[in-house]
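What follows is the residue order along each chain.
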Amino acid sequence: MHIHEYQAKGLFRQSNIKTPEAILISTMAEASKACADLGGDIWVVKAQVHAGGRGKGGGVILCRSIEEVETACNQLFGTRLITPQTDNKGLPISQLLIEGGQNIERELYLGLLVDRQTQKITILASTEGGMDIEKVASETPDKIIKFGVDPLGTLKSDDCALIAHQLDLKASLADQFVTTLMGLYDIFISKDVSLIEINPLITTTDNNLIALDGKIDFDDNALYRHEDILALRDTSQEDQKENEASEHQLNYISLDGTIGCMVNGAGLAMATMDLIEHHGGSPANFLDVGGGTTAERVAKAFELIQTEKNVAGILVNIFGGIVRCDLIAQGILQAIENVGLNLPIVIRLEGTNAAAGLKLLDDSNADIHTEADLTQAAIKIVALSKEASA
Ligand code: ADP
Ligand code: MG
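Criteria and cut-off values
Residues numbered from 1 in each chain as written. Chains lettered and ligands numbered in written order. Predicted model: local features only at pLDDT ≥ 70, side-chain atom pairs only at ≥ 80, totals over all residues. Heavy atoms only, no water. Donors = N, O, S within 2.8 Å, 3.2 Å for Na, K, Ca; no water. Helix = DSSP H or I, 4+ residues; strand = E, 2+ residues; numbered from the N terminus. Buried < 20%, exposed > 50% of the residue type's maximum accessible area, 1.4 Å probe, protein only. Domains from an automatic or database assignment. Contact = heavy atoms within 4.5 Å. Buried area = accessible area lost by both parts, 1.4 Å probe. Salt bridge = Lys/Arg side-chain N within 4 Å of Asp/Glu carboxyl O. Expected span 1.5 Å × (residues − 1). Near = heavy atom within 4 Å. Polar contact = N/O pair within 3.5 Å; in protein donor to acceptor, adjacent residues only side chain to side chain. Areas by Shrake-Rupley, 256 points an atom, 1.4 Å probe, with all protein chains shown as cover. Nonpolar A, V, L, I, M, F, W, Y, C, P; charged D, E, K, R; others polar. Pairing = 2+ DSSP bridges. Axes fitted to C-alpha atoms, helices over the stretch in contact; angles between N-to-C directions.

Considerations on the coordination of the magnesium ion (ligand 2)
Now for step 1: Coordination of the magnesium ion (ligand 2) by the protein is provided by Asn199 (O) and Asp213 (OD), with metal-donor distances spanning 2.1 to 2.2 Å. Here asparagine 199, found in strand β10 (residues 193–204), pairs with aspartate 213, found in the loop between β11 (209–211) and β12 (215–218); they are 14 residues apart in sequence, far enough to count as distant.
Now for step 2: The buried category is assigned to asparagine 199, whose relative accessible area is 12%.

As structure tokens, this is what we get:
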């Protein structure tokens, strides 16, 4: 689960990590009062969306007067922000963070994640913070400091001080750095975080170390034990189709292609998508309907697939291991009858009672193609969907 910058900064403050004075607003009427309450004469208006790269997408605007703040807010409220990290539809902006403009001296990077290779919680730090850290990591990886925390121990302040030294921080800032890094580590452990990041972590001309941005991703599997974190969820930032799917225990991800896929098992779904690509098509979605598929879930799956705007054909690929193929076939026929299907569809069934399932489908008067072989099924749906969209 992702959260907004202002929420991440709220957690930072609870862990003694410094953040700029800021006020969250959700209407135009609040803009000028927020500036007055904050004081100062430079403000930064920041779109609250679940994506980084906002600066590059025009979602972080530096303003030198209250009028400029109002113009910026007017420009952002109610629109969708497209950044290098969003798709081409972007994310809706309904909240803005008005923040005091900071006197930035240096922009550092500091983050923690689980490194699967070393199997350790790993600290990443760099002197090259700011908007292009991905570029730094890929082009000059030696500028990224890595430190793996001993999984049997804990993070020690000496380790943090060593990293502060590597970042070339003077003594007064080094102390603040130790507090900041210990604070991040504490959030990481206590809240079952998968990624926590401050980019940029700035040093100011008046000798402060401040988290200017904040990103925290939580491990969904552990959310059941963090009610406080779950309360921070903003579903308006999530894919509505994926949410609807998960309410029906379907694992669904929208993609850009033209062939809708309905498969049981994530591995089989990946293999099916590969095969579609291999034969010249492109999948419109990833969908794992799960092991114990029911007619109701199959119907929901058809409904979701048909709302993909580019979809020109559907490939159903079911391996009957736990479930019987004849029951699946009945479910598919029922779903087609209920939902109404206006796209070419190829159904491949394999496993328990596959022959009986295929016979049921062939004997029905629904307009469907059946295949026992997956390669043939992929070739067929690619051809049919090309015909349909020609
Ligand atoms: P994103 O990473 O989504 O682009 P950031 O919050 O990191 O958004 O902001 C992008 C850049 O804007 C920062 O690297 C920093 O240079 C500048 N910036 C952000 N907030 C402030 C602020 N309060 N004062 C001054 N500059 C800021
Ligand atoms: Mg940032």
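Remarks on the domain arrangement of the protein
Now for step 1: Taken domain by domain, the protein comprises domain 1 (1–20 + 103–238), domain 2 (21–101) and domain 3 (240–389).
Now for step 2: Distance from the C-alpha centre of domain 1 to the C-alpha centre of domain 2: 23 Å.
Now for step 3: Domain 1 puts 17 residues into the contact, and the matching count from domain 2 is 18 residues.
Now for step 4: Roughly 1,500 Å² is buried in total at the junction of domain 1 and domain 2, and carbon and sulfur atoms are behind 43% of that figure.
Now for step 5: Considering only the side of domain 1, the residues that lose the most area to domain 2 are Tyr6, Pro20 and Gln237, jointly responsible for 40% of the buried surface there.
Now for step 6: Here domain 1 is connected to domain 2 by 5 salt bridges.
Now for step 7: Arginine 54 is the partner of aspartate 213 in a salt bridge, and the nearest nitrogen-oxygen pair spans 3.1 Å.

What about helix α11 (residues 325–339)?
Every α-helix carries 3.6 residues per turn, so stepping three or four residues along brings you back to the same face.
Now for step 1: A rise of 1.5 Å per residue sets the reference length of α11, with its 15 residues, at 21 Å; its end C-alpha atoms lie 20 Å apart and thus fit the reference within 8%.
Now for step 2: Taken together, the buried positions of α11 are occupied by Cys325, Asp326, Ile328, Ala329, Gly331, Ile332, Leu333, Ala335 and Ile336.
Now for step 3: Looking at the residues trailing α11, positive phi occurs at glycine 340, about 80°.

Section: the site of ligand 1
Now for step 1: In the region of ligand 1, 18 residues are neighbours, and Lys46, Arg54, Gly55, Glu99 and Glu107 sit closest.
Now for step 2: At 3.3 Å, a backbone N or O of glycine 53 approaches an oxygen atom of ligand 1.
Now for step 3: Taken by itself ligand 1 offers 540 Å² of open surface, and the protein chains cover 88% of this.
Now for step 4: Every element with two or more residues in the shell around ligand 1 is listed here: β2 (43–47), β6 (96–100), β7 (104–115) and β10.
Now for step 5: Of the residues in the shell around ligand 1, the class split is 6 nonpolar, 7 polar and 5 charged.
Now for step 6: Each of domain 1 (1–20 + 103–238) and domain 2 (21–101) gives at least three residues to the shell around ligand 1.

Some points on the pattern of salt bridges
Now for step 1: Per the stated rule, a full pass over the model turns up 18 salt bridges.
Now for step 2: We note a salt bridge from aspartate 132 to lysine 56, for which the minimum N-O separation is 2.6 Å. Remark: lysine 56 occurs in the loop between β2 and β3 (60–63) and aspartate 132 occurs in the loop between β8 (120–126) and α4 (133–139); sequence separation between them is 76 residues.
Now for step 3: Given a relative accessible area of 34%, aspartate 132 falls into the partly exposed group.
Now for step 4: When its relative accessible area of 47% is taken as the criterion, lysine 56 is described as partly exposed.
Now for step 5: Note that arginine 324 and aspartate 326 form a salt bridge whose closest N and O atoms lie 2.8 Å from each other.

Brief notes about unusual backbone geometry
Now for step 1: Here asparagine 199 and proline 200 are connected by a cis peptide whose omega angle stands at 10°.
Now for step 2: The topology assignment puts proline 200 in strand β10.
Now for step 3: Although it is not a glycine, aspartate 168 sits at a positive phi angle of roughly 65°.

Re the pairing of β10
Now for step 1: By the criterion of burial, β10 is predominantly enclosed, with 11 of the 12 residues buried.
Now for step 2: Here 8 bridges tie β7 to β10, and the two strands are oriented antiparallel to one another. By the bridge assignment, leucine 113 is partnered in β10 with leucine 195.
Now for step 3: As paired elements, β10 and β12 share 4 bridges and run antiparallel to each other.

Digging into the sheet that holds strand β1 (residues 22–25)
Now for step 1: Spatial ordering of the open sheet is given by β1-β6-β2-β3, a layout of 4 strands whose pairing is antiparallel. A single partner strand is all that each edge strand has here, and the edge strands are β1 and β3. When strand polarity is set aside, the average angle formed by the axes of neighbouring strands in this sheet is 20°.
Now for step 2: For β2 and β6, the ladder comprises 5 bridges, and the chain directions are antiparallel.

Observations concerning helix α9 (residues 266–278)
Now for step 1: Between its first and last C-alpha, α9 extends 18 Å over 13 residues, near the 18 Å set by a 1.5 Å rise per residue.
Now for step 2: Structurally, α9 contributes buried residues whose contacts are with β14 (259–263), β15 (285–288), β16 (313–320) and α13 (374–389).
Now for step 3: Trailing α9 by a residue or two, glycine 280 shows a phi angle of about 90°, which is positive.

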